[in-house]
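# Chain and residue survey
Each chain is listed here by its residues.
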Amino acid sequence: MRVVKKPEERKAEMVAAAAKLFTEQGFVRTSVAEIVSAVDVAKGLFYYYFTTKDDMVKAVVEGYCSYLGSLADAIADSSATAEQKFDRLFSLEAWKQCFSAPLTADLCLPQHAALFTDMCDRLYAHMGPALERITAQALAERGADEGEAKQIVGVGMYGILMMARKGELSMVSARAAVKRLVGICERCA
């Protein structure tokens, strides 16, 4: 016998189950049947909340991006130098946890470019404000115009994400590129 739950609880359970499955095996290899089976609901309930599996992918990515945004906010609001904040941000274990290989690998496939772009937009929406604060701090610490922070973050973040998608940038080189971009160091390793 199925347990009756509030709609928002049921939807959250499906998103959590999908997140676990997507992290383990990617969304390409995860079926809607597996998701509904994991929460013991009828397949029709999935389609009540989500039009397509892509909608579920977006919901999972939204959760990850929201989580990363919260972490970025905490780092931006801490008392540290901008360089220390960037170091903390780029060394977060959450990057590995949230964007694990199977999910990221699927998002990086050419046929999923729209989902990857959606992820980039969500990541920017959640992390952009914190990154702008850290970047403005970095610029102020070196006596530069803080007004450029928004443009630097926009160009830098989307550039890093596009290069990472193509496998042309590691987390270490992204950290170094960001530090050079905001003038924290001339030659970062």
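Residues numbered from 1 in each chain as written. Predicted model: local features only at pLDDT ≥ 70, side-chain atom pairs only at ≥ 80, totals over all residues. Heavy atoms only, no water.

We now examine the nonpolar core. With 58 residues, the main nonpolar core has Phe22, Met56, Leu107 and Met127 as its most contacted residues. Top element by residues in this core is helix α8 (residues 113-141). It accounts for 13 residues. Dropping the residues within four chain positions of it, Met56 is found in contact with Met14, Val15, Ala18, Phe22, Ile35, Phe46 and Phe50. (Core = buried A, V, L, I, M, F, W, Y, C linked by side-chain atoms within 4.5 Å. Buried < 20%, exposed > 50% of the residue type's maximum accessible area, 1.4 Å probe, protein only. Helix = DSSP H or I, 4+ residues; strand = E, 2+ residues; numbered from the N terminus. Contact = heavy atoms within 4.5 Å.)

Now for helix α4 (residues 53-76). An ideal rise of 1.5 Å per residue puts 34 Å on 24 residues; α4 measures up with 34 Å between its terminal C-alpha atoms. Met56, Val57, Val60, Val61, Tyr64, Cys65, Leu68, Gly69, Ala72, Ile75 and Ala76 are the residues of α4 that are buried. The distance from a side-chain oxygen at the start of α4 to the backbone nitrogen of Asp54 is 3.3 Å, and the residue carrying that oxygen is Thr52. (Expected span 1.5 Å × (residues − 1). Polar contact = N/O pair within 3.5 Å; in protein donor to acceptor, adjacent residues only side chain to side chain.)

In this section: the packing of aromatic side chains. Tallied over the entire structure, the rule returns five aromatic pairs. Measuring from centroid to centroid gives 5.0 Å for Phe46 and Tyr47, while their planes differ by 80°, and the two rings are edge-to-face. According to the relative accessible area criterion, Phe46 is buried, its value standing at 0%. Judged by relative accessible area, which is 42%, Tyr47 ranks as partly exposed. Considering the side-chain rings of Phe46 and Phe50, the 5.3 Å spacing of their centres and the 40° angle between planes classify their relative orientation as tilted. Here Phe50 falls in the buried class, since its relative accessible area comes to 3%. One aromatic cluster in this structure is built from Phe46, Tyr47 and Phe50. (Phe/Tyr/Trp six-rings, centres within 6.5 Å; stacked < 30°, edge-to-face > 60°.)

Interhelical geometry of helix α5 (residues 82-90) versus helix α10 (residues 171-181) gives an angle of 160° and a closest axis separation of 10 Å. In terms of orientation, α5 and α10 fall into the roughly antiparallel class. Classified by chirality, the crossing of α10 by α5 is right-handed. The segment α5 lies against α10, with Glu83, Phe86, Asp87 and Phe90 engaging Met171, Ala174, Arg175, Val178 and Lys179. Residue composition of the contact of α5 with α10, grouped by class: five nonpolar, no polar and four charged. (Axes fitted to C-alpha atoms, helices over the stretch in contact; angles between N-to-C directions. Parallel < 35°, antiparallel > 145°, perpendicular 65-115°, else oblique. Left-handed = near helix turned anticlockwise from the far one by under 90°. Nonpolar A, V, L, I, M, F, W, Y, C, P; charged D, E, K, R; others polar.)

Okay, unusual backbone geometry next. In the Ramachandran plot, Asp40 falls in the positive-phi region, its phi being about 55° despite a non-glycine side chain. By the secondary structure assignment, Asp40 is in the loop between α2 (32-39) and α3 (43-49).

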